[in-house]
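So the chains spell out like this:
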Amino acid sequence: MPNILRTEKGGYNKKDVLTKIDAYMSLLLSVQSGMPQENALAELERIKQMPLTVEKEGFFAKTGFSQEDTDAYLAEMEDKITSAFEAE
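Summarised in this report is the structure supplied together with it. (Residues numbered from 1 in each chain as written. Predicted model: local features only at pLDDT ≥ 70, side-chain atom pairs only at ≥ 80, totals over all residues. Heavy atoms only, no water.)

**Comments concerning a negative patch on the surface**
On the surface, Glu8, Glu57, Glu68 and Asp71 cluster together into a negatively charged patch. With respect to the helices and strands, Glu8 occurs in strand S1 (residues 7–9). Residue class for Glu8 comes out partly exposed when judged on its relative accessible area of 31%. (Patch = residues over 30% accessible without salt bridge, like charges linked within 9 Å, V, L, I, M, F, W, Y side chains within 5 Å. Areas by Shrake-Rupley, 256 points an atom, 1.4 Å probe, with all protein chains shown as cover. Salt bridge = Lys/Arg side-chain N within 4 Å of Asp/Glu carboxyl O. Lys, Arg positive; Asp, Glu negative; His and termini not counted. Charge placed at Lys NZ, Arg CZ, Asp CG, Glu CD. Helix = DSSP H or I, 4+ residues; strand = E, 2+ residues; numbered from the N terminus. Buried < 20%, exposed > 50% of the residue type's maximum accessible area, 1.4 Å probe, protein only.)

As structure tokens, this is what we get:
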């Protein structure tokens, strides 16, 4: 897992990224606490569908989280969640 999500102009909206990470973390904790796999898979699919807005690029662009770093981090979170099912 990356230790940090770099920022870049035109990256993913920070609020969207943090909201999605929070949802993944909550789901991981629920799975580790015994959430039924069927419910967890439905929740995982809902989280995957959460939008990540890209900040507008250009001279006055806002900074957001690096798309590359964010995509890698979220993929690792998904792997942790699916691995938690195997640990049961």
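**Section: the pattern of salt bridges**
Applying the stated rule across the entire model yields 3 salt bridges. Arg46 is the partner of Glu43 in a salt bridge, and the nearest nitrogen-oxygen pair spans 2.6 Å. Of this pair, Glu43 and Arg46 both sit in helix H2 (residues 37–48), separated by 3 residues, roughly a single helical turn. Here Lys48 makes a salt bridge to Glu78, at a shortest N to O gap of 3.9 Å. Here the residue Lys48 occupies a position in helix H2, and Glu78 occupies one in helix H3 (residues 67–86), the gap between them amounting to 30 residues. In this structure Lys48 comes out as partly exposed when scored by relative accessible area, which is 36%. For Glu78, a relative accessible area of 23% translates into the label partly exposed.

**Points about H3**
Spanning 20 residues, H3 covers 29 Å between terminal C-alpha atoms, matching the ideal 28 Å at 1.5 Å per step. Within H3 the residues assigned to the buried category are Asp69, Thr70, Tyr73, Leu74, Met77, Ile81, Ala84 and Phe85. Buried residues along H3 cover an arc of 165 degrees about the axis, so they all sit on one side. Facing away from the buried surface of H3 by more than 90 degrees, the exposed residues are Glu68 and Glu86. Tucked into the core, H3 has its buried residues touching helix H1 (14–32), H2 and strand S2 (63–65). A distance of 3.4 Å separates the backbone nitrogen of Glu68 from a side-chain oxygen at the start of H3, and that oxygen is part of Ser66. (Expected span 1.5 Å × (residues − 1). Arc of directions from axis to C-beta. Contact = heavy atoms within 4.5 Å. Polar contact = N/O pair within 3.5 Å; in protein donor to acceptor, adjacent residues only side chain to side chain.)

**Digging into the packing of H1 against H2**
Taken N-terminus to C-terminus, the directions of H1 and H2 make an angle of 170 degrees; their axes are 10 Å apart at the nearest point. Accordingly, the angle class assigned to the pair H1 and H2 is roughly antiparallel. Residues Lys20, Ala23, Tyr24, Leu27 and Val31 of H1 touch H2, and the partners they reach there are Ala40, Glu43, Leu44, Ile47 and Lys48. Taken together, the residues that form the contact of H1 with H2 break down as 7 nonpolar, no polar and 3 charged. (Axes fitted to C-alpha atoms, helices over the stretch in contact; angles between N-to-C directions. Parallel < 35°, antiparallel > 145°, perpendicular 65-115°, else oblique. Nonpolar A, V, L, I, M, F, W, Y, C, P; charged D, E, K, R; others polar.)

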